[in-house]
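Understanding the architecture of this molecule
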Amino acid sequence: MQQLPKEMFQPASVDLSEAEKISKPSLSFWKDVSIRFRKNKLAMFGLVLLILLVFMAIFGPHMTKYDYSTNDLMNTNKPPSAEHWFGTDDLGRDIFTRTWYGARISLFIGLAAALIDLFIGVLWGGIAGFRGGRTDDVMMRIADILWAVPYLLLVILLMVVLGQGLGTMILAMTITGWINMARIVRGQVLQLKSQEYVLAAQTLGANTSRIMFKHLIPNAMGPILVTLTLSIPSAIFTEAFLSYLGLGVPQPLASWGTMASEGVQALQYYPWRLFFPATFICLTIFAFNVVGDGLRDALDPRLRK
Amino acid sequence: MAEKQKLIEIKNLKQYFPVGHGQVIKAVDGVTFDIYKGETLGLVGESGCGKSTTGRTIIGLYQATSGEVLFNGVSVHAKKTSQELKQLKRKMQMIFQDPYASLNPRMTVADIIAEGIDIHGLAKTKEERMKRVYELLETVGLNREHANRYPHEFSGGQRQRIGIARALAVEPEFIIADEPISALDVSIQAQVVNLMKKLQREKGLTYLFIAHDLSMVKYISDRIGVMYFGKMVELAEAEELYRNPIHPYTKALLSAIPLPDPETERVRRRTVYDPSQHNYKEGEPLEFREITPGHFVLCSEDEYKKYKAMYS
Amino acid sequence: MEKLLEVKDLQVSFQTYGGEVQAVRGVSFHLNKGETLAIVGESGSGKSVTSQTIMRLIPTPPGKIKSGQIIFNGEDLAKKTDKEMEAIRGKDIGMIFQDPMTSLNPTMKVGHQIMEVLVKHLKMDKAAAKERAIELLRLVGIPFPEKRVNQYPHEFSGGMRQRAMIAVALASNPKLLIADEPTTALDVTIQAQILELMKDLQKKMGTSIIFITHDLGVVANVADRVAVMYAGKIVEMGTVDEIFYDPRHPYTWGLLASMPSLDSDDKSELAAIPGTPPDLTNPPKGDAFAPRNPYAMKIDFELEPPMFKISDTHYAATWLLHPDAPKVEPPEAVKKRLRQLSSNYPQPVIVKESE
C-alpha cells in the first residue's frame, strides 16, 4: 500500500452550510417540461408542422395574385399548374388561395371553440369539484343532460334559429364541447383539493379564489393543456363534418370542410379539388394530436426524476 | 411549570363522517383535553385512531360534529366575521406529514413561505416581504439562495423545514404538527425535531405533536395522550406514561416498540391488547378519570377503584 | 458456515435525462444459510436497488448492472436471461414488499395467488395446491384459513394482507427471502406480530432473509448481521452486536445518536446528522459522507477510504481506522453503548482489493 502523508489525517474544517447547497441549476416545472418535449422528435415535427400551417394561413392568401372569392369562368376546374398551384374550382377560383383562406377559418373555429370550452369547462368543473356535495351533483347532472341531447338535432335547431354563419358554428360546437373539459377539470380538482398544500393554504386563511387560482388550477394545468390541444383538432374535424352535411360557413367563404364537401361531388373528374383541403385537414389534425401526445408525455410525472 | 395557563381547551369533541347508507364513522368520539401554553402535547395512536382528525378538527379544517374547541377562551368553531376568523387562523398553524404533498409544486419557495404574509397583508412592500422570507429561511437553517427554487429541488428534510417556515410566517402561538417526521429518514428526523424544539424555546410556541413513532414523541413532548378508536384512553406526563402505563392498550403499545438494542430485543416480551379483556357490562359508562395527579385513564367505575388501589 | 448468496462488487446505474445516477457503487456482501442480514440506510442509499438487482427486478433500461456478480447457489444471477430468472423468482427467491395493498393482485382471490405459485413452481395439481394454500395461511397465523382462502385482498386488513403476502412468498419454500421494508407501512403492534412471525417461520423453514429497513429498532430485533449503506456503498458491516455495541463508522454513529432513547429522561439536543445525502449523478470525490461528517479529515475529501477489518466479521470503510488517524471520541449517545468485544483484532487491517 502506498504511504499516505501524515498531514492528510488532519481534521478538515467542514463547512456544514455547504451541505445545504443544491448543485443542480434551478429548473421550473415548465422549463423541465419543455426540455422533455423538445426531446420528443415526433412531437417536435408536429409543432413545426403547426407553425408552418399557421404561417401559411397568415401569408398564403397573399402569395398569389388571386382573390379567394373572385370567379374566373374562363378557367374553371383547371388542374394544378404554374399558373394555379393547386388548380381551380368549378367557379375558376384559385384553390391555393382558398385553401389558405380556409385554413384561417378552420383554425380560427378550432381555436375559438377550444378556448371557449376551456373557459366554461375550467370554471364549471372547478366550481363543481371544489364545492363538492350537492353543488357538484347538480352541476354535473346538468352537464350529463346536455350531453345526452342528440348533437346533430341541437346543431340543426341552432342553424334554423340563428342562421348559418361563423358565430353559429362556434356556438354549436361549444354548446356541448365544454363538458369534456369540465369533467377533466372536476376530476383534477377533486383529487388536488385534499392535497396537503391546499390544506396548508386553508389553515393560513386563504379564500376560495386564491386556492382556486394559485393552487388548484396551476396544478391541473397539465391535463387541461393536453385536453385543450386535443380538442382543437376535434373542433376542426367537427367543422369539416358539419360543412360536409351542408351546415358549414356560407359561400363565398371557404373553410376546409366546405371545400372538401364541394370537392367530393367532382371527385371522379377533378380529384385535386378534394385532395388539397382533405390533405390539410389530415395534416392539421395529425399535428395537433402528436403535439398533444407529446405534451402529455412531457407532463407525465412518472417520468420525472 | 409553576403556573399553567390553558391555551387550548377541547371539550367532548366529536367528529363523525357519513359513509352512506345512514352509517357513520366515529373518527373522534368524545375527546376532552387541555393544552397548556408553551408545552408540547404528544398525541399517539395507530392509524385510524383519530389522532390526525382530532388535529384537523381543532384547526377548523373539518367542522366538528359536536363539542367545543376554545382557543384562549374563545370558541374556534362558533360563527365569526371573516376578519375574526382570519385573526384566529394566524394564531394556529399546521405542519403536515408529507413533505412532497405539502408544498405546491408550481410555486417558488419564496411564494410558498410568503403565502401567509400575502393573505394577511403582513408586508407593506415587496422588499419587506422578501426580507421576511429571507429571515424565515435562515430561521429554519436554509439560505436566501433557496428562495427562487422550486420544491422538487429539495430533499425531504429541507422541504419539511420550508413547511415550518411557511407556518411561522404568520407568527402563530400554537402549531399542530401532524406526523411531521414520519416520512423522513432517521438522520433527518433529528434535524427537524431539534429545529422544532429550538423554535419553541425562542418563540414560546405551543405544540400539538401528532405521531406514531413513540420514542420521538416521548423525547419532544411534555405530556402525551394515547388514542384508540376515536377515544383518548390515557393522558399523562411523558415520563410517567412510559414508566407507569395504566391502560392495557398503552401497555401493549409500549411493549411493541422495537428498541435499537439487540440485547433487550432478544428478551422482549410483547403484551397483546384485547378490548374484551375489560369485561365491561352492557352500557357501563366509561369516563376519563384522574388516577394519580395529572395521570388520566379512560375506565369504568370498578376499574377506577382497582387502578387507584394499584397505583396510588 | 455455508454461503447461500454472494454479491461481489455490484454496480448499478440508472440513465435519467439528468444524467447517470450511480445508485449502487460497488457493493460486496454474502449471506449464510439460515441467517438474517439487515441492510439499513436512508432513502436513496441504494438498499432497495441492491435487493431488486438480486431479484433482477430493476427495469432495463433505464437501469443497468454495470459490473459485479450475484452468486446464488453457485450460479451468477447477473448473467441470467429474463426467462431463466422467471424460474428462480418466486421459487428459490421470494420477495415481500412494503405495501401489501399493491403487491397482491386485487382481482384475484388470496388462495389463488398462493396456488398459482405452487402450480407453477412445484407442479402441484389444483386440489393439492389448495390444501397447501390453506396450510400456509394457517402457518402465517391467519384465522379461519378455510374461509380466508376464498377471499379477495380488500377483505383483509393491512396486517393480514402482509401475512398473506408472506404466505405467497414462502409458498414454494424459497431458500432466500428478500423483505423490502415489510413493516414500514404497518402500525407498531402489527409490526411486532409480523416480525415475530418472520423469525418463527425462519426457524421452522431455515430460510435465509435479507431484511431491508431504515428502522434500527427493527434491525436490533430481527438481524443476525447488519450492513449499513450510504450513498450506494456499504460503509459498515458486522454482527448485530458489533454494529450496536462497537460501531466504527461515523455515519453509523450518527444514525445511532440521532435516535432518542426511550429509557432515559435525557432531553438534551439530539445529535442530528447535518445536511442531506449527496446527489448520485455526480458523487463527491473521496468519502461520500465527508461533507456531513464532523470527524472528516483532509484525506476524506481526496481519497475514498478502503475497507478496514476490525474482526473476522466486522468491516468498516472509514479513514478513522487508519493508524495515522487521530483518536476521536464518538458522540455521547454512542459512547454509552460501547463495549469491549473480545473478537476484535488488536489493530484494524486493510482489506486488500483482491480479497
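Because the structure is a prediction, the values reported are computed rather than measured.

Successive side chains on a regular strand alternate, one facing one side of the sheet and the next facing the other. Residue and element names in this part refer to chain B. The alternating pattern of strand 6 (residues 92-95) places M92 and M94 on one face and Q93 and I95 on the opposite face, and all of these are buried. Across four bridges, strand 6 lies against strand 7 (residues 174-178) in parallel orientation. Within strand 7, the position partnered with M94 by the bridge is I176.

As a further point, take the confidence of the model for chain A. Considering every residue of chain A, the mean pLDDT works out to 81; 92% of them sit at 70 or more. Predicted confidence in chain A is weakest over helix 9 (residues 256-265) of chain A, with a mean pLDDT of 79, and strongest over helix 7 (residues 196-203) of chain A, with 90.

Moving on, we get to the UniProt feature "transmembrane region" (unreviewed entry) in chain A. Residue and element names in this part refer to chain A. Within the UniProt annotation, "transmembrane region" (unreviewed entry) is assigned to residues 42-60, 105-130, 142-162, 168-185, 220-247 and 274-295. Annotation note: span residues 42-60, helix share 95%, strand share 0%, distance between end C-alpha atoms 25 Å. What you have in residues 105-130 is 100% helix and 0% strand, and the ends, taken at the C-alpha atoms, are 36 Å apart.

This brings us to the interface of chain C and chain A. Contact residues are listed per partner, giving 24 residues for chain C and 20 residues for chain A. Summing both sides of the interface, chain C and chain A together bury roughly 1,900 Å²; the carbon and sulfur share of this comes to 66%. The tally of links between chain C and chain A comes to zero salt bridges. Here chain C and chain A share zero residue pairs in polar contact (both at pLDDT 80 or more) between them. A per-class count over the side of chain C that touches chain A returns 14 nonpolar, six polar and four charged.

Here the focus is the pattern of salt bridges. Charged atoms that come close allow side chains of opposite charge to pair. Applying the stated criterion across every chain, the model contains 48 salt bridges over all chains. Taking the shortest distance from any N to any O, the salt bridge between R210 of chain A and E115 of chain B comes out at 2.9 Å. Of this pair, R210 of chain A sits in helix 8 (residues 208-244) while E115 of chain B sits in helix 4 (residues 115-120), each in a different chain. R210 of chain A sits in the buried class, given a relative accessible area of 15%. With relative accessibility at 2%, the residue E115 of chain B sits in the buried group. Where D34 of chain B meets K6 of chain B, a salt bridge forms, and the shortest distance between an N and an O atom there is 3.3 Å. Residue D34 of chain B is located in strand 2 (residues 23-36), and its partner K6 of chain B is located in strand 1 (residues 6-20); the two are separated by 28 residues in the primary sequence.

All names here are of chain A. Between its first and last C-alpha, helix 8 extends only 45 Å over 37 residues, short of the 54 Å set by a 1.5 Å rise per residue. In helix 8, a bend of some 55 degrees at M221 exceeds every other bend along the element, and P223, a proline, comes one to four places later. G246 sits one or two residues past helix 8 and shows a positive phi near 85 degrees.

Our next topic: the pairing of strand 2 (residues 19-32) of chain C. All names here are of chain C. Pairing analysis gives 11 bridges linking strand 1 (residues 3-16) to strand 2, with the strands arranged antiparallel. Looking at strand 2, one finds that E6 is bridged to H30. Connecting strand 1 to the antiparallel partner strand 2 that follows it, the hairpin turn spans two residues.

The subject of this paragraph is the sheet that holds strand 1 of chain C. Residue and element names in this part refer to chain C. Read across the open sheet, the four strands follow the order 2-1-4-5; overall the sheet is antiparallel. One side of each edge strand has no neighbouring strand; the edge strands of this open sheet are strand 2 and strand 5 (75-76). Helix-sheet contacts for helix 1 (residues 47-54) involve strand 1, strand 2 and strand 4 (63-72), and the interaxial angle to strand 1 is about 115 degrees.

Below, the discussion takes up the environment of T238 of chain A. All names here are of chain A. Along the polypeptide, T238 turns up in helix 8. Given a relative accessible area of 17%, T238 falls into the buried group. Separated by 12 residues in the primary sequence, T238 and P250 have C-alpha atoms spaced 16 Å apart. For T238, the contacting residues outside a window of four places in its chain are Y151 and M173.

Cut-offs used in this document
Residues numbered from 1 in each chain as written. Chains lettered and ligands numbered in written order. Predicted model: local features only at pLDDT ≥ 70, side-chain atom pairs only at ≥ 80, totals over all residues. Heavy atoms only, no water. Buried < 20%, exposed > 50% of the residue type's maximum accessible area, 1.4 Å probe, protein only. Helix = DSSP H or I, 4+ residues; strand = E, 2+ residues; numbered from the N terminus. Pairing = 2+ DSSP bridges. pLDDT = per-residue confidence, 0-100. UniProt positions renumbered as here; feature names shortened; annotations may be inferred. Contact = heavy atoms within 4.5 Å. Buried area = accessible area lost by both parts, 1.4 Å probe. Salt bridge = Lys/Arg side-chain N within 4 Å of Asp/Glu carboxyl O. Polar contact = N/O pair within 3.5 Å; in protein donor to acceptor, adjacent residues only side chain to side chain. Nonpolar A, V, L, I, M, F, W, Y, C, P; charged D, E, K, R; others polar. Expected span 1.5 Å × (residues − 1). Bend = angle between axes of the 7 residues up to and from the residue. Axes fitted to C-alpha atoms, helices over the stretch in contact; angles between N-to-C directions.

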